[in-house]
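Close look at the chain arrangement
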Amino acid sequence: MPLEFEKPILELEARIAELEKYAQESGVGLEGELSVLRERLKKLQSDTYGGLSRWQRVQLARTPGRPTTLDVLNGVFQDFFELSGDRTFSDDSAIVGGLAYLEGTPVVVCGQQKGRDTKENIQRNFGMPHPEGYRKAMRLMDLADRFRQPFFAFIDTPGAYPGISAEERGQAWVIAQSIQRMARLRVPAVAVILGEGGSGGALAIGVGNRVLILENAWYSVISPESCAAILWRDSKEAAKAAEALKLSAPDLLQLGVVDRVIPEPGGGAHRDPAATLANLKSALLETLAELKDLGPEELFEDRYRRFRGLGVYAE
């Protein structure tokens, strides 16, 4: 289903496509009319996407068709080899990861994975990991340290799974362990928010030397709906909550929560996933180049200073 604020754009695009098809089939010259409509479309797109509210960005972050972690691992990296299981309980398909190359550099990668349809979303638990998913991530962090390979984490989750089964297996404890383990990495660590970055479920693999975010992704201690349900007793106030949370990429960059915003094509990453992946790859290569000359202790201290600096202010 199209987003409400996108409907005028989609209607105009459909009208242009219809006229182009008619002109081609009938041989009638409609270039003048089409030119006017294309200019109108260009202005409408600029006005719409140039002034998105925080809630509209949240909606774009959830739009089907955005690049997922597996899209990134297979489209940006080379020779991705998936590793499964946590060696304790089972394999959690809400987190995927393994070994890969980034333009010839061996790296370790992991991230939350959502589904493309209802069936796959059920299989992937809508990108909400159980404790075994975070244990898998920590296993990959151990491999990164052991073989001295950079670690890349890709965040796209509304939050860790909050169900009874996860709580019985120590969800909160495992998230804390994952945060601690990533903070102690002695190799370059880069985290990227691809879509949704909700609560501790996102932070568990977000303790990077550099934290990057796609232009229309969001990152917050709580989802707008949950925040609205707590503060206003009504999840329908999510738009108000999104404004209060300041969870958009520009907000996070200004606050120092993220280090770089990766641009998306006009209309969002789902409109042109290939261009989004190209922008992401360039950002990853540049970020890795910044960190590659730092030694193990320097990387640890750099990460420590980065996160200790959050929330600092001067009166």
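Looking up the protein in an unreviewed UniProt entry gives the name Acetyl-coenzyme A carboxylase carboxyl transferase subunit alpha, with the organism given as Calidithermus terrae. According to the UniProt record, the Subcellular location (unreviewed entry) comment for the protein is "Cytoplasm".

**Things to note about the overall build of the protein**
For the protein, the helix and strand inventory stands at 14 helices and 8 strands. Taking 2.2 N^0.38 as the reference for a compact globule, 315 residues should give roughly 20 Å; the C-alpha atoms of the protein span a radius of gyration of 21 Å, in line with that estimate. Expressed as lengths along the three principal axes of its C-alpha atoms, the size of the protein is roughly 70 × 50 × 50 Å. Buried residues in the protein amount to 50% of all 315 residues. Within the structure as shown, the protein displays about 15500 Å² of accessible surface, and the carbon and sulfur contribution to it stands at 54%.

**A few points about unusual backbone geometry**
Even without glycine at this site, Arg87 takes up a positive phi of about 65 degrees. Its location among the elements puts Arg87 in the loop between strand S1 (78–82) and strand S2 (95–102). Phi is positive for Arg148, close to 55 degrees, though the residue is something other than glycine. With respect to the helices and strands, the residue Arg148 is situated in the loop between helix H6 (131–147) and strand S4 (151–157).

**Structural notes on helix H10 (residues 224–231)**
Buried within H10 we find Pro224, Cys227 and Ala228. Seen from one end, H10 has its buried residues packed into an arc of 100 degrees, which puts them on one side. Lining the buried residues of H10 we find helix H3 (54–61), strand S7 (218–220) and helix H11 (238–245). Immediately downstream of H10, the backbone of Arg233 shows phi near 60 degrees, a positive value.

**A look at the nonpolar core**
Counting 53 residues, the largest nonpolar core has Phe77, Phe151, Phe152, Phe154, Val192, Leu280 and Leu284 as its most contacted members. For Leu284, the contacting residues outside a window of four places in its chain are Val76, Phe77, Leu102, Phe152, Phe154, Val190, Val192 and Leu212. Leu3, Phe5, Leu30 and Leu52 belong to the second largest nonpolar core, which has 13 residues in total.

**Topic: the side chain of Ser178**
Note on placement: Ser178 falls in helix H8 (residues 171–183). Ser178 sits in the buried class, given a relative accessible area of 0%. At a separation of 2.8 Å, a polar atom in the side chain of Ser178 contacts the main-chain carbonyl oxygen of Ala204. With sequence-adjacent residues up to four places away left out, Ser178 is seen in contact with Tyr134, Met138, Met141, Ala204 and Ile205.

**Concerning a nonpolar patch on the surface**
On the surface, Ile230, Leu231 and Trp232 cluster together into a nonpolar patch covering about 310 Å² of accessible area. For Leu231, the location among the structural elements is in helix H10.

**Overview of the confidence of the model for the protein**
For the protein, per-residue confidence averages 93 on the pLDDT scale, and 100% of positions sit at 70 or higher. Mean pLDDT across the elements of the protein ranges from a minimum in helix H2 (residues 31–49), with 85, to a maximum in strand S6 (residues 210–214), with 98.

**So, the packing of aromatic side chains**
Taken as a whole and assessed by the stated rule, the structure comprises 2 aromatic pairs. Judged by centre distance (5.6 Å) and plane angle (65 degrees), the rings of Phe77 and Phe152 are edge-to-face. Remark: Phe152 occurs in strand S4 and Phe77 occurs in the loop between helix H4 (69–75) and S1; sequence separation between them is 75 residues. Comparing Phe77 with Phe152, the two get one shared label, buried. Judged by centre distance (5.9 Å) and plane angle (75 degrees), the rings of Phe77 and Phe154 are edge-to-face.

**Focus on the UniProt feature "domain: CoA carboxyltransferase C-terminal" (unreviewed entry) in the protein**
Those residues carrying the UniProt feature "domain: CoA carboxyltransferase C-terminal" (unreviewed entry) are residues 33–290 in this numbering. Taken as a whole, residues 33–290 contains 46% helix and 19% strand, while its terminal C-alpha atoms sit 50 Å from one another.

**Description of H8**
Its 13 residues give H8 an end-to-end C-alpha distance of 18 Å, which sits within 8% of 18 Å, the value for a rise of 1.5 Å per residue. Along H8, the residues classified as buried are Gln171, Val174, Ile175, Ser178, Arg181 and Met182. The buried residues of H8 occupy an angular sector of 125 degrees when projected down its axis, which confines them to one face. Turned more than 90 degrees away from the buried face of H8, the exposed residues are Ala172 and Trp173. Elements that come into contact with the buried residues of H8 comprise H6, S4, helix H7 (164–168), strand S5 (189–198), helix H9 (199–203) and helix H14 (296–308).

What counts, and at which threshold
- Residues numbered from 1 in each chain as written.
- Predicted model: local features only at pLDDT ≥ 70, side-chain atom pairs only at ≥ 80, totals over all residues.
- Heavy atoms only, no water.
- UniProt positions renumbered as here; feature names shortened; annotations may be inferred.
- Helix = DSSP H or I, 4+ residues; strand = E, 2+ residues; numbered from the N terminus.
- Rg over C-alpha atoms; globule rule 2.2 N^0.38 Å.
- Buried < 20%, exposed > 50% of the residue type's maximum accessible area, 1.4 Å probe, protein only.
- Areas by Shrake-Rupley, 256 points an atom, 1.4 Å probe, with all protein chains shown as cover.
- Arc of directions from axis to C-beta.
- Contact = heavy atoms within 4.5 Å.
- Core = buried A, V, L, I, M, F, W, Y, C linked by side-chain atoms within 4.5 Å.
- Polar contact = N/O pair within 3.5 Å; in protein donor to acceptor, adjacent residues only side chain to side chain.
- Patch = residues over 30% accessible without salt bridge, like charges linked within 9 Å, V, L, I, M, F, W, Y side chains within 5 Å.
- Salt bridge = Lys/Arg side-chain N within 4 Å of Asp/Glu carboxyl O.
- pLDDT = per-residue confidence, 0-100.
- Phe/Tyr/Trp six-rings, centres within 6.5 Å; stacked < 30°, edge-to-face > 60°.
- Expected span 1.5 Å × (residues − 1).

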